[in-house]
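# Structural description and commentary
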Amino acid sequence: MTIKEIQEEILRLKKEKNICILAHSYVAKEIQEIADFTGDSYALSVKAKSTDAETVIMCGVRFMAETVKILSPEKTVYIANGAAGCPMAEQMDKETISAVKEMYPDFAVVAYINTTAALKTVCDVCVTSSQAVEIVSKMPEKNILFIPDCNLGDYVRKQLPEKNFKLLSGGCPTHAKISEEEVLRAKKEHPNALFLVHPECIPDVVKHADYVGSTSGIMNFAKKSDANEFIIGTEISIAELLQYECPDKNFYPLSKDLICSNMKATTLMDVYNTVKGTGGEKIVLDSETITKARKCIDKMIELGE
Ligand code: 13P
Ligand code: SF4
């Protein structure tokens, strides 16, 4: 079967079976083309809440599929490739954070959405990169324990000097390996380009940015901007996608190493097999985890609106 034929078969089956397909902007273009909705982690969570499909297939990483299940426990939720996990989401567990909370009882725990469902049960509110600053600014608490990404945490801290932050040393291995030297080299090669960066990069990289934001934030900024050249400091697929969508502008990936193998793990065949009912992994969470984790995701949506 050709790619086109597989895509047509997926579209036919998902209509017949009332399936909604959600795809993060980092996954392959041929998957995004057959998705009902694509976007950053915040947009996908909001969409997950509103879809009336009986079955949802998440093409992304496990914490994103868990978020869908938490928000819609009555739905059948699949991750198209069960091996696709976000390493950052596995860095801190519920027991460790419960122990840290005991050391800092007067701190509110803010969890990046890139965390497991189990860990979310002991957190006060979730954030995504697109609205972390806004949400933390609206919280009444002054003392904030921000987990697990210390780079995103550092970025939020710098925007909100009135708050008192405690950060732990977690983060995205893909974004965090990008160095300041690589930024300076890219800027020298493309002196007229604006530098757009994801806040999961280290502070010495982020400080050179003309714009800091989520995957969707970066895409929207580049599309609306009058500038013609951009260095893209996030997963390489965003520069590729932007180049495809805006052929009159030039997009340069900050580094060819900015590849998330977890986001690349899902293939069109995985999606096809999941839609057919012969693949994917059904997300199963116990009701106590769903109830407790939902509180901090609901709070994120409430404060993010
Ligand atoms: P976004 O919230 O920008 O979609 O980020 C998700 C992610 O995993 C970035 O590495
Ligand atoms: Fe996780 Fe980083 Fe991959 Fe995003 S890019 S899914 S944070 S490992």
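Heads up: the structure comes first, above all this text.
Residues numbered from 1 in each chain as written. Chains lettered and ligands numbered in written order. Predicted model: local features only at pLDDT ≥ 70, side-chain atom pairs only at ≥ 80, totals over all residues. Heavy atoms only, no water.

A word on the packing of aromatic side chains. Summed over the entire model, instances satisfying the criterion amount to three aromatic pairs. Judged by centre distance (5.4 Å) and plane angle (65°), the rings of Tyr104 and Phe107 are edge-to-face. The exposure class of Phe107 is buried, given its relative accessible area of 12%. Ring plane angle 10° and centroid distance 5.2 Å describe the contact between Phe230 and Phe251, whose orientation is recorded as stacked. One end of the pair, Phe230, is in strand S11 (residues 229-233); the other, Phe251, is in strand S12 (residues 250-253), with 21 residues separating them in the sequence. Owing to a relative accessible area of 0%, Phe230 belongs among the buried residues under this scheme. Positioned above the aromatic ring of Tyr244, the side-chain terminus of Lys29 is 4.0 Å from the ring centre. (Phe/Tyr/Trp six-rings, centres within 6.5 Å; stacked < 30°, edge-to-face > 60°. Buried < 20%, exposed > 50% of the residue type's maximum accessible area, 1.4 Å probe, protein only. Helix = DSSP H or I, 4+ residues; strand = E, 2+ residues; numbered from the N terminus. Lys NZ or Arg CZ within 6 Å of the ring centre and 35° of its normal.)

The next point concerns the site of ligand 2. Ligand 2 sits among Tyr26, Cys86, Pro87, Met88, Asn114, Cys172, His175, Glu200, Cys260 and Met263. A breakdown of the residues in the shell around ligand 2 according to their chemical character gives seven nonpolar, two polar and one charged. (Near = heavy atom within 4 Å. Nonpolar A, V, L, I, M, F, W, Y, C, P; charged D, E, K, R; others polar.)

Time to look at the site of ligand 1. Every residue lining ligand 1 is accounted for by His24, Tyr26, Asp40, Ser41, Tyr112, Asn114, Ser129, His175, His198, Glu200, Ser214 and Thr215. For ligand 1, an oxygen atom lies 3.3 Å from a polar atom in the side chain of Asn114. Look at ligand 1: alone it shows 300 Å² of surface, and the protein chains cover 96% of it. Partitioned by chemical class, the residues of the shell around ligand 1 number two nonpolar, eight polar and two charged. (Polar contact = N/O pair within 3.5 Å; in protein donor to acceptor, adjacent residues only side chain to side chain. Areas by Shrake-Rupley, 256 points an atom, 1.4 Å probe, with all protein chains shown as cover.)

Turning our attention to the packing of helix H1 (residues 3-16) against helix H15 (residues 268-276). A pair of packed helices is captured by two measures, namely the crossing angle of their axes and the spacing between those axes. The interhelical angle for the contact between H1 and H15, taken along N-to-C directions, is 30°, at an axis separation of 10 Å. Taken as axis vectors, H1 and H15 run roughly parallel relative to one another. Here H1 runs over H15; the crossing is left-handed. Across the interface between the two elements, Ile3, Ile6, Gln7, Glu9, Ile10, Leu13 and Lys14 of H1 pack against Leu268, Met269, Val271, Tyr272, Val275 and Lys276 of H15. For the contact of H1 with H15, a count of residues per class yields nine nonpolar, one polar and three charged. (Axes fitted to C-alpha atoms, helices over the stretch in contact; angles between N-to-C directions. Parallel < 35°, antiparallel > 145°, perpendicular 65-115°, else oblique. Left-handed = near helix turned anticlockwise from the far one by under 90°. Contact = heavy atoms within 4.5 Å.)

Moving on, we get to the pattern of salt bridges. Tallied over the full model, the rule gives 16 salt bridges. Residues Glu8 and Lys4 are paired through a salt bridge, measuring 3.9 Å at the closest nitrogen-oxygen approach. With a gap of four residues between them, Glu8 and Lys4 both fall in helix H1, about one helical turn apart. For Glu8, a relative accessible area of 44% puts it in the partly exposed group. (Salt bridge = Lys/Arg side-chain N within 4 Å of Asp/Glu carboxyl O.)

The sheet built from five strands is open, its strands ordered S2-S1-S3-S4-S13 with mixed pairing. A single partner strand is all that each edge strand has here, and the edge strands are strand S2 (37-39) and strand S13 (281-282). By the bridge criterion, four bridges tie strand S3 (residues 55-59) to strand S4 (residues 76-79) in an arrangement that is parallel. Pairing of Met58 across the sheet is with Ile79, part of S4. Lying over the sheet, helix H4 (residues 62-71) contacts strand S1 (19-24), S3, S4 and S13, oriented at roughly 175° with respect to S4. (Pairing = 2+ DSSP bridges.)

Let us look at the pairing of strand S5 (residues 108-112). Counted residue by residue, S5 has five buried out of five residues, so it is predominantly covered. On S5, burial covers both faces: Ala108, Val110 and Tyr112 on one face and Val109 and Ala111 on the other are all buried. In terms of strand pairing, S5 meets strand S7 (residues 143-147) through four bridges, oriented parallel. Opposite Ala111, over in S7, you have Ile147 as the bridge partner. Two elements, S5 and strand S6 (residues 125-127), share three bridges in a ladder whose sense is parallel. In the sheet register, Ala111 faces S6, and the bridge partner there is Cys126.

The next point concerns the environment of Ala65. Summarising the element assignment, Ala65 is placed in helix H4. Ala65 sits 20 residues away from Ser45 along the chain, and the two C-alpha atoms are 9.2 Å apart. Setting aside residues no more than four positions away along its own chain, Ala65 makes contact with Met58, Val77, Ile79 and Ile283.

As summarised here, the arrangement of the four strands in space is S6-S5-S7-S8, forming an open sheet in which the pairing is parallel. The open sheet terminates on both sides in strands that have one partner only, identified here as S6 and strand S8 (164-167). Neighbour-to-neighbour, the strand axes of this sheet turn through a mean angle of 30°, independent of strand direction. The sheet contact formed by S7 and S8 spans four bridges and is parallel. The residue of S8 that forms the bridge with Leu145 is Lys166. Together, S5, S7 and S8 form the strand contacts of helix H8 (residues 150-159), whose direction differs from that of S8 by roughly 170°.

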